Amino acid sequence: MEDNKITEDSANKPKNFIREIIDEDMKTNKWQGKVHTRFPPEPNGYLHIGHAKSICLNYGIAKDYKGKFNLRFDDTNPSKEEQEYVDSIIEDVKWLGSDFENRIFFASDYFEQMHYWAIELIKKGAAYVDDASADEIRENRGTLTEPGKESPCRNRSVEQNLDLFEKMKNGVFKNGEKVLRAKIDMASPNFNLRDPIMYRILHAEHHRQGNKWCIYPTYDWAHGLEDSLEKITHSICTLEFENHRPLYDWFLDELNIHHPQQIEFARLNLNYTVMSKRKLLLLVQEKYVDGWDDPRMPTISAFRRRGFTPESIRNFAEIVGVAKRDAMTDIALLEFAIREDLNHCAQRVMAVLRPLKIIITNYPDSVEELDAVNNPEDLSMGTRKIPFSRELFIEQTDFMELPPKGYHRLVPGGEVRLRYAYIIKCEEIIKNDNGEVIELHCTYDPETKSGTGSSNKKVKGTVHWVSASHAVNAEVRLYDRLFTVEAPDSDKEKDFLEFINPNSLEILTGTLIEPSLKNAKPGDRFQFERHGYFCVDSKFTKNEKLVFNRTVTLKDSWGKKN
RNA sequence: UGCCUCAUGGUGUAAUUGGCAACACGUCUGACUCUGGAUCAGAAGAGUCCAGGUUCGAGACCUGGUGAGGCAGCCA
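Residues numbered from 1 in each chain as written. Chains lettered and ligands numbered in written order. Predicted model: local features only at pLDDT ≥ 70, side-chain atom pairs only at ≥ 80, totals over all residues. Heavy atoms only, no water.

1. Quick notes on the environment of Ala-351
Point 1. Looking at where Ala-351 falls in the secondary structure, it is placed in strand E11 (residues 351-352).
Point 2. Taking the relative accessible area as the measure of exposure, Ala-351 reaches 0% and is therefore buried.
Point 3. Along the chain, Ala-351 and Ala-474 lie 123 residues apart, while their C-alpha atoms are 9.3 Å from each other.
Point 4. The residues touching Ala-351, leaving out its near neighbours within four places in the chain, are Glu-395, His-464, Leu-512, Ile-513, Phe-528 and His-531. (Helix = DSSP H or I, 4+ residues; strand = E, 2+ residues; numbered from the N terminus. Buried < 20%, exposed > 50% of the residue type's maximum accessible area, 1.4 Å probe, protein only. Contact = heavy atoms within 4.5 Å.)

2. Re the domain arrangement of chain A
Point 1. When cut into domains, chain A gives domain 1 (8-265), domain 2 (270-347 + 474-561) and domain 3 (357-371 + 389-462).
Point 2. Placing the centre of domain 1 and that of domain 2 at their C-alpha centroids yields a distance of 34 Å.
Point 3. Counting residues at the interface gives 28 residues for domain 1, matched by 26 residues for domain 2.
Point 4. Both faces combined, the contact of domain 1 with domain 2 buries some 2,400 Å², and carbon together with sulfur accounts for 70% of it.
Point 5. In this structure, the connection of domain 1 to domain 2 is made through 4 salt bridges.
Point 6. Inspection of the domain 1/domain 2 interface yields 9 residue pairs in polar contact (both at pLDDT 80 or more).
Point 7. The set of elements that each furnish at least two residues to the side of domain 1 that touches domain 2 consists of helix H2 (17-28), helix H3 (49-64), helix H4 (83-95) and strand E9 (261-265).
Point 8. Considering every element that reaches the side of domain 1 that touches domain 2, the biggest residue donor is H3, with 8 residues. (Domains from an automatic or database assignment. Buried area = accessible area lost by both parts, 1.4 Å probe. Salt bridge = Lys/Arg side-chain N within 4 Å of Asp/Glu carboxyl O. Polar contact = N/O pair within 3.5 Å; in protein donor to acceptor, adjacent residues only side chain to side chain.)

3. Here we look at a nonpolar patch on the surface
Point 1. Together, Ile-319, Leu-333 and Phe-336 give the surface a local cluster of nonpolar side chains, amounting to about 230 Å² of exposed area.
Point 2. Assignment of secondary structure puts Leu-333 in helix H13 (residues 331-345).
Point 3. With relative accessibility at 33%, the residue Leu-333 sits in the partly exposed group. (Patch = residues over 30% accessible without salt bridge, like charges linked within 9 Å, V, L, I, M, F, W, Y side chains within 5 Å. Areas by Shrake-Rupley, 256 points an atom, 1.4 Å probe, with all protein chains shown as cover.)

4. Remarks on the sheet that holds strand E18 (residues 437-445)
Point 1. Spatially, E19-E16-E17-E18-E12-E15-E20 is the arrangement adopted by the 7 strands of the open sheet, whose pairing is mixed. The strands lining the two open edges of the sheet, one partner per strand, are strand E19 (462-463) and strand E20 (465-467).
Point 2. As paired elements, strand E12 (residues 355-360) and strand E15 (residues 391-395) share 5 bridges and run antiparallel to each other. From the neighbouring strand, Pro-355 faces E15, where its bridge partner is Glu-395. (Pairing = 2+ DSSP bridges.)

5. Observations concerning empty space enclosed by the protein
Point 1. Under the counting rule described, the total for this entry stands at 2 cavities of 30 Å³ or more.
Point 2. Looking at the largest cavity, its volume works out to about 90 Å³.
Point 3. Taken together, His-223, Gly-224, Asp-227, Ser-235, Arg-245, Tyr-248, Asp-249, Leu-252, His-259, Pro-260 and Gln-262 make up the lining of the largest cavity.
Point 4. Taken together, the elements giving at least two residues each to the lining of the largest cavity come down to helix H8 (219-229) and helix H9 (245-255).
Point 5. Residue contributions to the lining of the largest cavity peak at 4 residues, all from H9.
Point 6. By residue class, the composition of the lining of the largest cavity is 3 nonpolar, 5 polar and 3 charged.
Point 7. By volume, the second largest cavity is sized at about 40 Å³.
Point 8. Around the second largest cavity, the lining residues are Met-350, Ile-386, Pro-387, Trp-465, Val-466, Ser-467, His-470, Ala-471, Glu-514 and Pro-515.
Point 9. Here the lining of the second largest cavity takes 3 residues from E20, the largest share from any one element.
Point 10. Looking at the lining of the second largest cavity residue by residue, the classes come out as 7 nonpolar, 2 polar and 1 charged. (1 Å grid on protein atoms, 1.4 Å probe; cavity = no way out; pocket = protein on both sides within 12 Å on 5 of 7 lines; lining within 4 Å. Points joined across faces, edges and corners; volume = space filled by probe spheres on them. Nonpolar A, V, L, I, M, F, W, Y, C, P; charged D, E, K, R; others polar.)

6. Some words on H8
Point 1. For H8, the tally of buried residues reaches 9 of 11 residues, placing the bulk of the element in the interior.
Point 2. By the burial criterion, the buried members of H8 are Asp-220, Trp-221, Ala-222, His-223, Gly-224, Leu-225, Glu-226, Asp-227 and Ser-228.
Point 3. Following H8 by one or two positions, Lys-231 adopts a phi angle in the positive range, close to 55°.

7. A look at a negative patch on the surface
Point 1. Taken together, the side chains of Asp-491, Glu-493, Asp-495 and Glu-498 define an acidic patch exposed on the protein surface.
Point 2. Following the sequence through the fold, Asp-491 ends up in the loop between strand E21 (472-479) and strand E22 (505-513).
Point 3. A relative accessible area of 33% means that Asp-491 is categorised as partly exposed. (Lys, Arg positive; Asp, Glu negative; His and termini not counted. Charge placed at Lys NZ, Arg CZ, Asp CG, Glu CD.)

8. Digging into the pairing of E9
Point 1. With 4 of its 5 residues buried, E9 lies for the most part within the structure.
Point 2. Relative to E9, strand E8 (residues 234-238) runs parallel, the two being bridged by 5 bridges. Residue pairing in the sheet places Cys-237 in a bridge with Glu-264 of E9.
Point 3. In this fold, the crossover linking E8 to E9 by way of H9 has right-handed handedness. (Right-handed = clockwise from strand over helix to strand, strands pointing away.)

9. Considering the packing of aromatic side chains
Point 1. This structure, assessed with the given rule, holds 23 aromatic pairs.
Point 2. Ring centres 5.2 Å apart and planes at 15° place the aromatic pair Tyr-46 and Trp-292 in the stacked group. Highlighted residues: Tyr-46 in the loop between strand E1 (36-39) and H3 and Trp-292 in the loop between helix H10 (277-285) and helix H11 (300-306), separated in sequence by 246 residues. Each member of the pair Tyr-46 and Trp-292 is classed as buried.
Point 3. Ring geometry for Tyr-363 and Tyr-444: centres 5.1 Å apart, planes at 65°, overall edge-to-face. Taken together, the positions of Tyr-363 in the loop between E12 and strand E13 (368-373) and Tyr-444 in strand E18 put the pair 81 residues apart, joining distant regions of the chain. The burial state of Tyr-363 is the same as that of Tyr-444; both residues are buried.
Point 4. Taking NZ or CZ as reference, Lys-178 lies 4.5 Å from the ring centre of Phe-173, over its face. (Phe/Tyr/Trp six-rings, centres within 6.5 Å; stacked < 30°, edge-to-face > 60°. Lys NZ or Arg CZ within 6 Å of the ring centre and 35° of its normal.)

10. Some details on the nonpolar core
Point 1. The biggest cluster of nonpolar side chains holds 36 residues, and the ones touching the most others in it are Leu-121, Phe-165, Leu-180, Met-198, Tyr-199 and Trp-221.
Point 2. Elements represented by at least two residues in this core include exactly helix H5 (111-123), strand E4 (127-130), helix H7 (158-169), strand E5 (179-182), strand E6 (197-201), strand E7 (215-217), H8 and H9.
Point 3. Not counting residues up to four positions away in its chain, the partners in contact with Tyr-199 are Phe-111, Met-114, His-115, Ala-118, Phe-165, Met-168, Val-179, Leu-180, Ile-215, Tyr-216, Pro-217 and Trp-221. (Core = buried A, V, L, I, M, F, W, Y, C linked by side-chain atoms within 4.5 Å.)

11. Notes on the packing of H3 against helix H12 (residues 310-320)
Point 1. Taken N-terminus to C-terminus, the directions of H3 and H12 make an angle of 80°; their axes are 9 Å apart at the nearest point. Here H3 lies roughly perpendicular to H12, going by the angle between them. Contacts between H3 and H12 involve Ile-49, Ala-52, Lys-53 and Cys-56 from the former and Ile-313, Arg-314, Phe-316, Ala-317 and Val-320 from the latter.
Point 2. The residue inventory of the contact of H3 with H12, partitioned by class, reads 7 nonpolar, no polar and 2 charged. (Axes fitted to C-alpha atoms, helices over the stretch in contact; angles between N-to-C directions. Parallel < 35°, antiparallel > 145°, perpendicular 65-115°, else oblique.)

12. Observations concerning the protein's contact with RNA strand B
Point 1. The immediate surroundings of RNA strand B are formed by 66 residues, with Val-320, Arg-325, Arg-348, Ser-450 and Lys-560 found nearest.
Point 2. Here a base oxygen of RNA strand B sits 2.8 Å away from a polar atom, N or O, in the main chain of His-408.
Point 3. Only helix H6 (134-139), E6 and H13 provide two or more residues apiece to the surface near RNA strand B.
Point 4. Element by element, the count of residues in the surface near RNA strand B is highest for H13, at 4 residues.
Point 5. The residue makeup of the surface near RNA strand B, split by class, is 23 nonpolar, 19 polar and 24 charged. (Near = heavy atom within 4 Å.)

Next up, the structure:
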């Protein structure tokens, strides 16, 4: 391996305290120039944006330091884990572009080795089988200020421990009857060192091991071993494991095996949503949302379905940075990341969400094909033709009979430009019996055709439209934040479910889109001009019915003021 | 109450051996514009939780407070 102290890639990335530690390790040659990270999810739910931050962090470091990145499932608890979650996690990590090559591992594949090591600790007199019940163990663990009490089983002979542990493994005992504990220090100020449990009896079927085992390693016992086995150099995890580090260190030192360096960082919190898997699962189970990938969820699969790009998520992960203090990140940062990306790559298109019919009274009964630019940010994306005719639809909100000051769209007697077409003038308003405007009669000025430069006429506003006889009907789903408050799960009295936003989903069925979108495919992303970015939904779209999800709105400096 | 960790504009992060607070988002102006978008130009906004100390000099170091988060699962 080359003598690459700090690679160019790593030097060009924004610094954070973890990269600084690694830079230092490279200088001191602590790991012989190697960097090996991993992402170790438990397959008990779908991945969310917080996991995405961790994935990007770990993969980004491995990539920049020319190291390796593993995906490893921490599947040590058969009662909560499922294959469906394994599959979704693999899909999400791949989608994010984090390349684990062929290194996809399972903690459960290490059970044999862990069991062997447990026996080694027993033989050293560093672990013992305890007969105490869960309640007894809890009672004897002590409190914040008092030390715990040692179990009567603590000083069993090695032979007896070996025998009992063997029986545990062979299914002689029922769930909870015995546990294997590390023999450390019942008086430690760190609870994790008060003889933590290494194995519990669980007569349960494991999603990959079947019924091979009836004892399962606890996370605390297993996790460090998994990292050690995979020769991980930097075990990056979240803050809540800080207190566990001395325990992992203890196991690794007792076993005298490869000892990764654990580094803890603050998990991502986003306002107006929740990030705990337990709460997300509840939202799914209780049908507050349509599933883990409901576009209102903060899961990776939901962002994907909603139209986010992997690039935007990666960019977001970089923007928010890495530190040790708890933080609440503003959702505006995420919205910025996706707008920035889509602005450059999404094709522009015209769609009328809430149609208002207009008739161009002086336009002939014919159809004209007009040129429209696909993306003004990227002219190489070309142009397309859009049909223009005598009967059109514009947005209801683009006409006001009694406009407020500063409104510069269509008003009675006023003029506005139809994008890529002509300037029209509102001549007559047609209302129904309820006094609602249902149709507008307008005239157009043939001299003002877009692109001809034949008119010097200026208007304040430009409005999008579709041709009535050519437009395609579509369903559009508008999403708002799932919760009405910034931190729904931090209220002392109220449950987070009480803060659910009743208007987080609005379904529009009468939307009319320009005909060029007729053959759009699930996953295709567009900018509906003047509205925002939309993506063809992959779940509800059928052959005869297009359904769009609004990914994010355009910034709106007018709407904000009014 | 014990242990661990953290504390910088509204939000998220910077400030390499102590040298006079930077960047991004957001907000607000203005310019431009056939998207009230994008782009461009600019502005406001913190004196770094508090109090001492070391130093010519502290956001960085020391001491003591205060505040926040985590830990008493056979969850991870």
